[in-house]
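Inside the fold
These are the residues of each chain, in order.
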Amino acid sequence: MRLCTLYKNAARLISVSAMAVSLAACGFQLRGAPPVSSALEPLNLLCKAPVPASLCQSVREQLELGGVELASGEKASYHLKIQNFAQDRRASAITVQAAAAEYTLRHSVDLELISADKVPIIASTRLTASESYRYDETNVLAKQREEENLRRQLSDRLAQQIIFRLAPITQERLQDIRASHEAAGTADNTQTDTP
């Protein structure tokens, strides 16, 4: 009986391992982020202070997970700028004794994507993520840990929002953006040339 259970457990382990390998082979991404087009390669990731390192690292990991080639400086064809980070913590519910019963954490950041020749692909866009949690003044240490965990989750959510913004940028879309930019530049030159 015991030997039979051992064989069943081994069979389950082998089948789970086989499923994990087959999912990885077909390009399955655990985080659910859509793939970023290779048209944006090589991509330079610029995080400007006070953007937290955890947010930059999360974006970098998701790009690498998607197989996006990252480069720095002049080697990059596109520059992804993450800047103007802000965080906020507000009481969102009050007890009868006028103490905070619930807090809302909010993180926001600006995202901008430009080409090496300064064509704006994604104009500066504000992204925001928020989460609420109950506060218990009798268990302050546990609530501080919960808040830190929520801050990491908010960084991950912002990173996913950034990836979702990059996902629709295909080679065709880039050509359309460049054509619009050139047409706008030609129209501006025409208007300045006329007396």
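For the structure itself, consult the block above.
Only a predicted model underlies this, so the values are computations on that prediction, with no experimental measurement involved. Once a new chain begins, its residue numbering starts again from 1 and follows that chain's sequence as written. Since the coordinates come from a predicted model, pLDDT governs what is reported: local features require at least 70, and pairs of side-chain atoms require 80 or more to be given and counted, while whole-chain, interface and lining totals use all residues. Side-chain metrics in this entry use all non-hydrogen atoms of the structure; hydrogen atoms and water are not considered.

The subject of this paragraph is the environment of L158. By the element assignment, L158 lies in helix α3 (residues 140-166). Only protein chains enter the calculation, and the probe is 1.4 Å; a residue is then buried if its accessible area is under 20% of its type maximum, exposed if over 50%, and partly exposed in between. Take L158: its relative accessible area is 0%, and that puts it in the buried class. Each C-alpha atom, one on L158 and one on S130, is 9.6 Å from the other, the two residues being 28 residues apart in sequence. Not counting the four nearest positions on each side in its chain, L158 is found in contact with L55, H107, S108, V109, L127, T128 and A129. A run of H or I in DSSP counts as a helix once it spans at least four residues, and a run of E counts as a strand once it spans at least two, with each numbered from the N terminus. Whether two residues are in contact is decided by their heavy atoms: any pair within 4.5 Å suffices.

Bringing the packing of aromatic side chains into the picture now. Side-chain rings of Phe, Tyr and Trp, where Trp is taken by its six-membered ring, are said to pair if the distance between their centres is within 6.5 Å; with planes under 30 degrees apart they count as stacked, over 60 as edge-to-face, and otherwise as tilted. Inspection of the entire model under this criterion finds zero aromatic pairs. Over the ring of Y103 we find R89; its NZ or CZ atom is 3.8 Å from the centre of that ring. Only lysine NZ and arginine CZ atoms are considered, and such an atom sits over a ring when it is within 6 Å of the ring centre and within 35 degrees of the ring normal.

Take a side-chain nitrogen of Lys or Arg and a carboxyl oxygen of Asp or Glu: if they are within 4 Å of each other, that pair is a salt bridge. Scanning the model with the defined rule gives seven salt bridges in all. Put simply, E131 and R157 hold a salt bridge, and the shortest N to O gap is 2.5 Å. In this pair, E131 is assigned in strand β4 (residues 120-134) and R157 in helix α3, connecting sequence segments 26 residues apart. The class of E131 is partly exposed, set by a relative accessible area of 25%. Here R157 falls in the partly exposed class, since its relative accessible area comes to 31%. R151 is the salt-bridge partner of E148, the closest N and O atoms lying 4.0 Å from each other. Residue E148 and its partner R151 are both found in helix α3; the two are separated by three residues, about one turn of the helix. Take E148: its relative accessible area is 43%, and that puts it in the partly exposed class. Taking relative accessible area as the criterion, R151 reaches 17% and is therefore assigned buried. Within this structure, R89, E147, E148 and R151 form a network of salt bridges that share partners.

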